[in-house]
Amino acid sequence: MTHLQIDKEGNEGIANVEFCSRSNETRRNRRLQSFVDSYGVEKPRLSTFEQTKRYTKKKCSSISFECCTNIILNRIPLVRCLKTYNLRKDLFGDIIAGITVAIMHIPQGMAYGTLTTLPPVYGLYVSFFPVIIYMIFGTSPHLSLGNSLEFNIISDSEACVLGTFAIVSLMTAQAIGSVSLEPSNMANQNGTIANLTSSSSIDIKLHAATTLALLVGLIQLLLSFLRLGFLTVYLTEPFISGFTTGAATHVFTSQIPSVFGIRSPRGINGAFKLPRTYIKLIQSIFSHINWISTAIAAVSIVALYIAKYLNDRYKSKIRIVLPLELVLIVIGTTVSHFLQLHSKYAVAVVGQIKRGLPAPSLPSFDHTDKLLVPAITIAAVSLSISISMAKMLSRKHTYKVSSNQELLAYGMANAVSSFFQCYPSAGSLSRSAVQEGSGGRTLLVGGFSSLVLGCVLIALTPLFQPLPMACLAAIIIVNLKGLFLQLKDFVLYFRISKLECILWTMTFVTVVLFDVDIGLYVGLCTSFFINTVRTQRPRFFVLGQVDNTGIYKSTTNFPSVQQYPGIQILRFDESLYACNAPFFKRKFYELIGMETIEEPIVSCRRPETVDMKTDVLFKYIILECSPFNYIDTVGAKLLIQIFNDLKKRDIQLYLTECRYEVRHTLDIMKFYEKTELHTIYVTTHDAVMAAVAALNQIPVANN
C-alpha cells in the first residue's frame, strides 16, 4: 500500500462532480441540481390515499370476464397441462413413471406409516390422496408428494447428494402423542398390531392425525393467501442439516423395538430422552429379545443395503429403477406366511389391514389447542423442504415454479386429504428422483401413480397381513444412511463459517439431547441470532485506489492499492440502521484514528489524560454508501452527528454512491440543512478527485 503525491492539476473538472451546485436561487433548488436531476426523474410525493386510489384504478381498469377466468384457471395448473398435453411425446413416459413411483409408494407408505404410530395402511392413504390433489394444483411435474423420510439437496448441474431430510412422520407421531393418548406399541413379540392397540385408541390417534393434517393445510393455505412463501428462506441449509441429522437418531431409535422384537419403552419424556430410552432398550434386549425377528431385520438390512449399492452403481447400464423395497416386502411376506413366523415364533407382523378406500369424514377438533403449535412447526418444515426441492428440479429442467402456488397445492393436499383419514404429507426426493429418471414429463404422472395405488388398496392389501414388522424397520433404517452421512457437514461448516458451524451444532445437540420440537425452536432462535449478529457487526473496510483507475478496493484484501495522503476512504458493508449504528460509530472513529480510550480506574502507571487523539491524520473522509440498501432515522441522525463532529475538527465528510432510497430518507431528515450542500457525490472517484483538488490549497503533513 502506497501513498500518492497530490497532483496540483487534479482540480480540473471538479466543479462538475459536486452533488449540489451553489449557483441556484434557493436552498431547495440548489439541493436538487444534481446528477439525479440531470439524468433521472424526481418521483412525485403522493399521499397514502392518492397512492391507494391510483393502484385501485389501475387494477380495476383491467378487470374483465376473460381476466377473471384466467386468474381462476391459473390457480389450477392441471388445466394448462391438459391443454398443452402431447399424447405422442408425453403419455408413454408418464405411464411408466407413474407405475414405477406407485411401486415405491407401497413399501415406503407402509414403512413410514408406522413412524406415526398408526397402522401401515394409513401410510398408503397418504401416498394416494395428497398425490391426486397436488396433481391438480401443483406446478412441479417431477415432485412426488406423500410420505417423506428423506430430503437430499442436489446441485443444479448434477445429482450429487449434499444433505438429507427426515422428519414429518416423526413430528406427526410426537404431535399425536401430545394429546394424552394411552401408550401403545406398534410391534411386540407376543402379538400383532391389531391386538396390541385397542380400536378406541387407534380411533383417537386417527382423529388427532386428521385434525393435525387439516390444521397444517389451513396454515399453508393462509400463507398462500397472504403470499408469504418467501418466509421459508429463513430455514437455512445449516439449520436443516443439523435438525434432520438429529432427527435421524430419533427415527433410528423408534425402529429398534421392531428390529429386536421387544416392547417400546413407555413414559420417557423431557431432557436426555434418548439416553434414558437406550438404557431401557438395552435392558429389554437382554431379557426379551426375539432372535427370529432380529435375524429377519439383519438379513433385510444387509440385503437391501447391498442391492441399493449395486443398483446405484450400475443404474446407468440397467436404465431402470429396480423396486428393491417392494421385492423385500414380497419375499418377507411369502416367507412369513409359509413358515408361520407369527404363530410359531411370535414374530410381530402387520396384521389385519382394511381393504378399500376410506369414506370421507369430518376431522375431529377435540385437541386443536394441543395440535396448533405442532401444526405450525410441521407446516414450516414441510414447506421449506418441498419448495426447495421443487425449485431445484425446476432449475434443472428450466420450468417455472411459483412458491405461492406451491403453498396452495400443499395446503389443498393436506386439507382435503384430512377428510380421508390422512396425516400431513410432504415431498420425497427419492421418489421425485425416480419420477424424473423414469421419464415423467407432466403432472399426470401423479394420476397414473394413484391409479395403480388405488388398485392395490382395493384388491391387494390383505396379502400384506403376514409381513414382518422387522422388514418395514429395515426399509426405514437403510433409508437413514443419507441422514447420518450429514455428520460430515459439521467439518464443512467449520471450514466455511464458524457461525454456521455453531448453528448446526446447537440444532443437532438440542434435537438429540432434548427432543425434536425443542431442537427446532432452539435452532430457529440461533439462526435469527446469528443473522442479527451478522447485520449488527458487518465488515468495515478502508479502501484504496487500484493503479490510476476509478476502482477502489479493500486495503486488507488488496495490499497493493494506493491511498492519498490526508484522505481516508471507507466502506460499510451493510445498511445503516438502529441495530448496527453503535458499531458503525465506534468502528468509524477507530478507522480514522480517533477512537475513544477510557482511562483505567486503577493504574500503576503515571496518570495521563486520555481522550480522542488530537493529531488529525486526515482532512477528508469519504464514506462509500453503495452497500446501503436503506437507512433509518437513527442512521441519518448518526451521519449528521458525525459530520458536525468532524467539521469541528476541520475534517470534511463526503458520502458517495447513495441509492435513491437513502437520499430520500436523508432529504426527509433535513440532512442537507443540518450539514452542507455539496456533501454527496455520484461516485467515489469523483469525491476523491474533489478532495485532492481541495488539498492542493491546504498544506497537510504527509503522515
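Residues numbered from 1 in each chain as written. Predicted model: local features only at pLDDT ≥ 70, side-chain atom pairs only at ≥ 80, totals over all residues. Heavy atoms only, no water.

An unreviewed UniProt entry annotates the protein chain as STAS domain-containing protein of Adineta ricciae. A UniProt comment under Subcellular location (unreviewed entry) is attached to the protein chain, and it reads "Membrane". (UniProt positions renumbered as here; feature names shortened; annotations may be inferred.)

Concerning the pattern of salt bridges
Per the counting criterion, the structure on display carries 10 salt bridges. In this structure, the salt-bridge partner of D515 is K273, at a minimum N-O distance of 3.7 Å. On the criterion of sequence distance, the pair formed by D515 in the loop between α25 (498-513) and α26 (516-536) and K273 in helix α13 (residues 273-288) is long-range, its members being 242 residues apart. Judged on exposure class, the residue D515 and its partner K273 are both buried. Here the residues in one salt-bridge network are R539, R571 and D573, joined through shared partners. (Salt bridge = Lys/Arg side-chain N within 4 Å of Asp/Glu carboxyl O. Helix = DSSP H or I, 4+ residues; strand = E, 2+ residues; numbered from the N terminus. Buried < 20%, exposed > 50% of the residue type's maximum accessible area, 1.4 Å probe, protein only.)

Description of the environment of I285
By the element assignment, I285 lies in helix α13. A sequence separation of 25 residues divides I285 from F260, and the C-alpha atoms of the two residues are 6.9 Å apart. Those residues in contact with I285 that lie beyond four places of it in its chain are I256, F260 and I262. (Contact = heavy atoms within 4.5 Å.)

Focus on the environment of I518
Here I518 shows up in helix α26. On the basis of relative accessible area, I518 is assigned to the partly exposed category, the value being 35%. Put simply, I518 and T507 are 11 residues apart on the chain and 9.1 Å apart in space, counted from C-alpha to C-alpha.

Some details on the side chain of D90
Turning to its location among the elements, D90 is positioned in helix α6 (residues 87-115). Beyond its immediate stretch of four places on either side in the chain, D90 contacts Y85, R441 and T442.

Concerning helix α14 (residues 291-313)
An ideal rise of 1.5 Å per residue puts 33 Å on 23 residues; α14 measures up with 33 Å between its terminal C-alpha atoms. All of the buried residues in α14 are S293, T294, I296, A297, S300, L304 and N311. (Expected span 1.5 Å × (residues − 1).)

Let's talk about the environment of T683
The residue T683 is located in the loop between β10 (680-681) and α31 (684-695) in this model. With 27 residues separating them along the chain, T683 and T656 place their C-alpha atoms 5.4 Å apart.

As for the packing of helix α8 (residues 129-137) against helix α21 (residues 445-460)
Contact pair α8 / α21: the axes reach a minimum separation of 8 Å and the direction vectors enclose 160°. Here α21 runs roughly antiparallel to α8, going by the angle between their axes. Considering only the axes of α8 and α21, their crossing is left-handed. Residue-level inspection shows V131, I132 and M135 of α8 in contact with α21, the latter providing G446, G447 and S450. In the contact of α8 with α21, the residues fall into 3 nonpolar, 3 polar and no charged. (Axes fitted to C-alpha atoms, helices over the stretch in contact; angles between N-to-C directions. Parallel < 35°, antiparallel > 145°, perpendicular 65-115°, else oblique. Left-handed = near helix turned anticlockwise from the far one by under 90°. Nonpolar A, V, L, I, M, F, W, Y, C, P; charged D, E, K, R; others polar.)

A word on helix α28 (residues 633-648)
If you check α28, its first and last C-alpha atoms are 23 Å apart, about what 16 residues at 1.5 Å a residue would give, namely 22 Å. Listed in full, the buried residues belonging to α28 are G635, A636, L638, L639, I640, I642, F643, D645 and L646. Taken together, the buried residues of α28 touch α27 (581-591), β8 (620-624), β9 (652-656), α29 (660-668) and α30 (671-674). Where α28 starts, the residue carrying a side-chain oxygen 3.3 Å from the main-chain nitrogen of V634 turns out to be D632. D650 lies just past α28 and shows a positive phi near 65°. (Polar contact = N/O pair within 3.5 Å; in protein donor to acceptor, adjacent residues only side chain to side chain.)

Structural notes on the pairing of β8
Extensive coverage of β8 is indicated by the burial of 5 of its 5 residues. Side chains of β8 alternate between two faces, with Y620, I622 and E624 and I621 and L623 buried alike. Here 5 bridges tie strand β7 (residues 567-572) to β8, and the two strands are oriented parallel to one another. By the bridge assignment for β8, I569 is matched with I622. Handedness of the crossover joining β8 and β9 through α28 is recorded here as right-handed. (Pairing = 2+ DSSP bridges. Right-handed = clockwise from strand over helix to strand, strands pointing away.)

Section: the packing of aromatic side chains
Here the structure, examined in full by the defined rule, presents 20 aromatic pairs. A centroid spacing of 5.5 Å and a plane angle of 85° characterise the contact between Y122 and Y125, whose relative ring orientation is edge-to-face. Here Y122 pairs with Y125, and both are found in helix α7 (residues 121-126), just 3 residues apart, close to one helical turn. As far as burial versus exposure is concerned, Y122 and Y125 are alike and both buried. Taking the centre distance of 5.9 Å and the plane angle of 10° together, the rings of Y134 and Y410 count as stacked. Here the residue Y134 occupies a position in helix α8, and Y410 occupies one in helix α19 (residues 403-417), the gap between them amounting to 276 residues. Among the residues examined, Y134 registers a relative accessible area of 3% and is labelled buried. Among the aromatic residues, those joined into a cluster by ring pairs are F540, F572, F584, F588, Y589 and F628. (Phe/Tyr/Trp six-rings, centres within 6.5 Å; stacked < 30°, edge-to-face > 60°.)

Section: unusual backbone geometry
Its identity as a non-glycine residue notwithstanding, D547 has a phi of 50°, on the positive side. As for its placement among the helices and strands, D547 is situated in the loop between β4 (540-545) and β5 (552-554). Phi at D650 is positive, roughly 65°, even though this residue is not glycine. Along the chain, the position of D650 falls in the loop between α28 and β9.

Some words on the pairing of β7
Of all the 6 residues making up β7, 6 are buried; the element is thus mostly covered by neighbouring parts of the structure. Residues I567, I569 and R571 line one face of β7 and the alternating positions Q568, L570 and F572 line the opposite face, and both faces are buried. Bridge analysis of β4 against β7 gives 4 bridges, and the strand direction is antiparallel. Residue F540 lies in a different strand from β7, and its bridge partner there is F572.

Some remarks on the packing of α14 against helix α16 (residues 324-339)
At their nearest, the axes of α14 and α16 sit 10 Å apart, and the two run at 150° to each other. Here α14 lies roughly antiparallel to α16, going by the angle between them. The hand of the α14/α16 crossing is right-handed. On the side of α14, the interface is formed by S300, L304, A307, K308 and N311, while α16 contributes L324, E325 and L328. When grouped by side-chain class, the residues that make up the contact of α14 with α16 number 4 nonpolar, 2 polar and 2 charged.

A word on the state of the cysteines
One pass over the full model with this rule turns up 0 disulfides. Counting only cysteine sulfurs, C658 is the nearest neighbor of C625, a cysteine outside any disulfide, at a range of 3.9 Å. With a relative accessible area of 1%, C625 lands in the buried category. (Disulfide = S-S within 2.5 Å.)

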